Amino acid sequence: MKTITIPTADHGDVQITEPDWCTADHTGEAYREDIEHTGAVTYLVLPTECHGPERTLPIGFLWRPFSPTNNQIMATLLIGEGLHEFDSVGLIRAADALVEHATTLRVYARQLAVLQNKGGAAQ
């Protein structure tokens, strides 16, 4: 960890300890409550036949230490078009839902193999 100084319009220069995992550029944070630490993003990479490997479901860490509503370190997932924040319990629930969906994908894969072997005609 290191101490950095971030100039803000409402509190002047704010000194804050920056976590080692933070990769954020803090130059655009005009107000103290806008200060946020973000970490590196990791993606689920899915192989596709039409476009090759595709990155999806980005996850990373976010911490807004001066947020008036939530100043805890959270994990963020981009789901649909929105960024959603998860605590550790919520993230475990999301992982469980993904495992359950993987089971569904395997069911579809088996059904697809049967359909393809029969030329597309369901029996």
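Residues numbered from 1 in each chain as written. Predicted model: local features only at pLDDT ≥ 70, side-chain atom pairs only at ≥ 80, totals over all residues. Heavy atoms only, no water.

Trainee: Where do I start with the overall build of the protein chain in this structure?
Mentor: What the protein chain contains, in helices and strands, is one helix and seven strands. For the protein chain, the N- to C-terminal ordering of α and β elements is β-β-β-β-β-β-β-α. Relative to its length of 123 residues, the protein chain is extended, with a C-alpha radius of gyration of 21 Å against a globular reference of 14 Å. When its C-alpha atoms are laid out on the principal axes, the protein chain stretches across 70 × 30 × 25 Å. Within the span of the protein chain, comprising 123 residues, buried residues form 20% of the whole. As displayed, the protein chain has an accessible area near 9100 Å², and 55% of this comes from carbon and sulfur atoms. Within the protein chain, one finds 8 positive and 16 negative side-chain charges whose respective centroids are separated by 13 Å. (Helix = DSSP H or I, 4+ residues; strand = E, 2+ residues; numbered from the N terminus. Rg over C-alpha atoms; globule rule 2.2 N^0.38 Å. Buried < 20%, exposed > 50% of the residue type's maximum accessible area, 1.4 Å probe, protein only. Areas by Shrake-Rupley, 256 points an atom, 1.4 Å probe, with all protein chains shown as cover. Lys, Arg positive; Asp, Glu negative; His and termini not counted. Charge placed at Lys NZ, Arg CZ, Asp CG, Glu CD.)

Trainee: Sorry, what's going on with the layout of surface pockets here?
Mentor: Rolling a probe over the atoms, with the probe sized like a water molecule, indicates the empty space that remains. When its volume is computed, the largest pocket comes out at roughly 260 Å³. Along the walls of the largest pocket sit Thr42, Tyr43, Leu44, Leu46, Thr56, Leu57, Ile59, Leu77, Leu98, His101, Ala102 and Leu105, which together make up its complete lining. For the lining of the largest pocket, the secondary-structure elements that each account for two or more residues are β4 (42-48), β5 (52-63) and α1 (88-117). Tallied by class, residues from the lining of the largest pocket come to nine nonpolar, three polar and no charged. (1 Å grid on protein atoms, 1.4 Å probe; cavity = no way out; pocket = protein on both sides within 12 Å on 5 of 7 lines; lining within 4 Å. Points joined across faces, edges and corners; volume = space filled by probe spheres on them. Nonpolar A, V, L, I, M, F, W, Y, C, P; charged D, E, K, R; others polar.)

Trainee: I keep staring at empty space enclosed by the protein and nothing clicks. Help me out?
Mentor: For the structure on display, the rule yields one cavity of 30 Å³ or more. What lines the largest cavity is simply Leu62, Trp63, Arg64, Asn70, Gln72, Met74 and Glu85. Grouping the amino acids of the lining of the largest cavity by side-chain chemistry returns three nonpolar, two polar and two charged.

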